[in-house]
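Structure assessment
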Amino acid sequence: MQEFLIPAKSDLQAARETWLKTLARERRLSPETVEAYERDTRQFLHFLTGHCGGPPGISDIADLRPADLRGFLAKRRNDGAGARTLGRGLAGIRSLLRFLERRGMVNAAGAAALRAPRQPKSLPKPLTASDARQVVAVEGQLADEPWIAARNAAVLTLLYGSGLRISEALGLAGADLASEDDTVLRVTGKGGKTRLVPVLPVARNAVAEYRRLCPFHIDPKGLLFRGARGGPLNPAIIQREMAKLRSALNLPDTATPHALRHSFATHLLGRGGDLRTIQELLGHASLSTTQIYTAVDTARLLDIYERAHPRA
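Residues numbered from 1 in each chain as written. Predicted model: local features only at pLDDT ≥ 70, side-chain atom pairs only at ≥ 80, totals over all residues. Heavy atoms only, no water.

Under the annotation held in an unreviewed UniProt entry, the protein carries the name Tyrosine recombinase XerC and is attributed to Mesorhizobium hawassense. UniProt lists a comment for the protein under the heading Sequence similarities (unreviewed entry), and it reads "Belongs to the 'phage' integrase family. XerC subfamily." (UniProt positions renumbered as here; feature names shortened; annotations may be inferred.)

Listed below in structure tokens is the structure:
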């Protein structure tokens, strides 16, 4: 993790560092989430330095009031932070305070009593079925080297064909999908929860083609997908490749790797898939998270109706 000047006394700095390591090692939060929580709590400590008249220690945050936290959120809002950023920041502060409370260091009641900012409602933006097929086709990849084109196609096919998050696809081991008999993947998602997802023949074939062309030895205990020099494949590489495809195929900016996961859920629902099954396939902890796709499908149907009906 990149080093930053932390405006806090040594006891609070040490406790916060232990909390961040716990998030990564025991709770298995993604590196992106841990980095966001680190940044949010660092900003909070900067705020408290001015608020308290000096770098805070554990004794200074032992009995934080809702008013203290509202002051921080108000400052962040004045700096241009939106509701989602504020909500995530509050979640990070609460997590840190609960961690300290379990160790008898602080009282987290003030943070628990504060209501999170109301989040704007936004619907996922899936691709059409034809656009998704073009994105995942190996012949449509823009990489110069055939093995890299095959790799990109395999990753994107898993996002659309199995509904994987990009971190889940890039976290697959060399032993995964090593045989044509592998029709199901055991995936560890958010919060360390494991789920089973089916793998379509087209996805197995895409992975097999990547394996055939990959110039590096794929260790069963190592990572399946490799970068250009043989190291771990960075998610930013796939995101950049998707940006090139957007330009080449004239797709909207919402056509991201994660949009392929949205497309997986939306297209299943549109073909009669039930919400409970889609919830299991996506690894959603709550059915309410999955239910947002019903609104996406309704919006799609209304759009078709308005464009097609002669009296609309």
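Still to come is the rest of the account.
Where helix H2 (residues 31-52) meets helix H3 (residues 66-78), the axes come as close as 10 Å, and the angle between the chain directions of the two elements is 110°. As far as their axial angle goes, H3 and H2 are roughly perpendicular. When H2 is examined against H3, the residues Asp40, Gln43, Phe44, Phe47 and His51 are found in contact with a partner set consisting of Asp68, Leu69, Gly71, Phe72, Lys75 and Arg76. Its residues assigned to classes, the contact of H2 with H3 comprises four nonpolar, three polar and four charged. (Axes fitted to C-alpha atoms, helices over the stretch in contact; angles between N-to-C directions. Helix = DSSP H or I, 4+ residues; strand = E, 2+ residues; numbered from the N terminus. Parallel < 35°, antiparallel > 145°, perpendicular 65-115°, else oblique. Contact = heavy atoms within 4.5 Å. Nonpolar A, V, L, I, M, F, W, Y, C, P; charged D, E, K, R; others polar.)

All right, on to helix H4 (residues 83-102) then. Each full turn of the α-helix corresponds to 3.6 residues, which orients residues three or four apart in the same direction. Here H4 is 20 residues long and its end C-alpha atoms lie 28 Å apart, about the 28 Å a rise of 1.5 Å per residue gives. Among the residues trailing H4, Gly104 stands out with phi positive, at a value near 75°. (Expected span 1.5 Å × (residues − 1).)

As a further point, take the UniProt feature "domain: Core-binding (CB)" (unreviewed entry) in the protein. UniProt's entry tags residues 10-101 with the feature "domain: Core-binding (CB)" (unreviewed entry), counted in the numbering of this structure. Regarding residues 10-101, the helix share stands at 76% and the strand share at 0%, and the terminal C-alpha atoms are separated by 18 Å.

Take the packing of aromatic side chains next. Going through the model one piece at a time under the given rule, you end up with seven aromatic pairs. Ring geometry for Phe44 versus Phe47: centroids 6.4 Å apart, planes at 20°, classification stacked. Remark: Phe47 and Phe44 occur in helix H2; sequence separation between them is three residues, near one turn of the helix. The exposure class assigned to Phe47 is buried, which follows from its relative accessible area of 14%. Centre to centre, the rings of Phe44 and Phe72 are 5.0 Å apart; their planes meet at 75°, and the pair counts as edge-to-face. Of this pair, Phe44 sits in helix H2 while Phe72 sits in helix H3, and the two are 28 residues apart along the sequence. Here the two residues Phe44 and Phe72 agree in accessibility, since each one is buried. Grouped by ring-pair contacts, the aromatic residues Trp147, Tyr210, Phe216 and Phe225 constitute a single cluster. Over the ring of Phe99 we find Arg103; its NZ or CZ atom is 3.7 Å from the centre of that ring. For the cation-ring pair, Arg151 lies above Trp147, with the distance from its terminal atom to the ring centre recorded as 5.7 Å. (Phe/Tyr/Trp six-rings, centres within 6.5 Å; stacked < 30°, edge-to-face > 60°. Buried < 20%, exposed > 50% of the residue type's maximum accessible area, 1.4 Å probe, protein only. Lys NZ or Arg CZ within 6 Å of the ring centre and 35° of its normal.)

Right, let's get into the UniProt feature "active site" (unreviewed entry) in the protein. Those places that UniProt annotates as "active site" (unreviewed entry) correspond, in this numbering, to Arg165, Lys190, His258, Arg261, His284 and Tyr293. As for the lining of the largest pocket, the annotated residues named previously contribute Arg165, Lys190, His258, Arg261, His284 and Tyr293. Residue placement: Lys190 occurs in the loop between strand S1 (184-188) and strand S2 (194-198). For Lys190, a relative accessible area of 58% corresponds to the exposed category. Ignoring sequence-local partners within four residues, the contact set of Lys190 consists of Arg165 and Glu168. For Arg261, the location among the structural elements is in helix H11 (residues 257-270). Overall, the relative accessible area of 3% leaves Arg261 in the buried class. Of note is the side chain of Arg261, whose polar atom sits 2.6 Å from the backbone oxygen of Gly163. (1 Å grid on protein atoms, 1.4 Å probe; cavity = no way out; pocket = protein on both sides within 12 Å on 5 of 7 lines; lining within 4 Å. Polar contact = N/O pair within 3.5 Å; in protein donor to acceptor, adjacent residues only side chain to side chain.)

With that settled, consider the layout of surface pockets. Put simply, the largest pocket is a space of about 1,900 Å³. Ser30, Thr33, Arg165, Lys190 and His258 are the residues nearest the centre of the largest pocket, which is lined by 46 residues in total. Secondary structure elements with two or more residues in the lining of the largest pocket: H2, H4, helix H8 (166-170), helix H10 (235-249), H11 and helix H14 (292-308). Tallying contributions element by element places H4 first for the lining of the largest pocket, with five residues. Residues that form the lining of the largest pocket fall into these classes: 18 nonpolar, 17 polar and 11 charged. Per-domain counts for the lining of the largest pocket show at least three residues from each of domain 1 (10-113) and domain 2 (129-308). (Points joined across faces, edges and corners; volume = space filled by probe spheres on them. Domains from an automatic or database assignment.)

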